[in-house]
Amino acid sequence: MSLLKAIDTNPSFAPRESGPLPERLISGEPAFKTWAQDVARGESIHTGVWEATPGEMRSIKGETFEFCHILSGVVELTPEGGEPVIYKAGDSFVMKPGYVGVWKTIETVRKIYVTVM
C-alpha cells in the first residue's frame, strides 16, 4: 500500500449518487455525486471528489472537520449568525467541527474534500 495518493479530479468510475436529507433542504432539488477515493485511520479520514447541482441546504458538521478545494462552480456559505462568503474555482476553505450554516450551490460545484472525524 502506497502512502502517497493522487486525487483524480475527473474519475472514470461511477459515483455514489445522493441528495440532501429532507430536513436540511431549504430550496431547489440539489443532486450530489461522490467519488470516494481514499479512507485512512480506520474510517476516520475520507478523501475524494464531490459534486452538487444548484440548491440550498443546512450544513451541520457536528464533530467532523472538512477541508474543501473548489475545482469548478460557485457556492455561497453563510455561517449561522455570520455573513455570506462566496467560494469559486481555485478557492480552498475549512469547515471546523461545530460549523452550522447554509450551503448554497449557485453554479454546479465540484470539489476535492478531506474529512476527518
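Residues numbered from 1 in each chain as written. Predicted model: local features only at pLDDT ≥ 70, side-chain atom pairs only at ≥ 80, totals over all residues. Heavy atoms only, no water.

An unreviewed UniProt entry lists the protein chain under the name Cupin, with Streptomyces capitiformicae given as the organism.

Trainee: For this particular structure, what's the right way to read the UniProt feature "domain: (S)-ureidoglycine aminohydrolase cupin" (unreviewed entry) in the protein chain?
Mentor: When the UniProt feature table is mapped to this numbering, "domain: (S)-ureidoglycine aminohydrolase cupin" (unreviewed entry) covers residues 41-113. With 0% helix and 70% strand, residues 41-113 has its two end C-alpha atoms placed 16 Å apart. (UniProt positions renumbered as here; feature names shortened; annotations may be inferred. Helix = DSSP H or I, 4+ residues; strand = E, 2+ residues; numbered from the N terminus.)

Trainee: How do you make sense of the nonpolar core when you look at a structure like this?
Mentor: As a rule of thumb, nonpolar side chains are buried together in soluble globular proteins. Ranked by internal contacts, the top residues of the largest apolar core, which has 15 residues, are W50, V75, L77, F93, M95, W103 and V109. Of all the elements in the fold, those that place two or more residues in this core are β4 (45-52), β6 (65-79), β8 (92-95) and β9 (100-116). Ranked by residue count, the leading element in this core is β6, at 4 residues. Not counting residues up to four positions away in its chain, the partners in contact with V109 are W50, E51, A52, I70, S72, G73, V75 and W103. (Core = buried A, V, L, I, M, F, W, Y, C linked by side-chain atoms within 4.5 Å. Buried < 20%, exposed > 50% of the residue type's maximum accessible area, 1.4 Å probe, protein only. Contact = heavy atoms within 4.5 Å.)

Trainee: What exactly am I supposed to notice about the pattern of salt bridges here?
Mentor: Any two side chains of opposite charge can pair, on the condition that their charged atoms come close. Enumeration according to the criterion identifies 5 salt bridges in this entry. Across the pair R58 and E80 runs a salt bridge, and its minimum N-O distance is 3.5 Å. Of this pair, R58 sits in strand β5 (residues 55-60) while E80 is found in the loop between β6 and β7 (85-88), placing the two residues 22 residues apart along the sequence. Residue classification places R58 among the partly exposed positions, given a relative accessible area of 29%. (Salt bridge = Lys/Arg side-chain N within 4 Å of Asp/Glu carboxyl O.)

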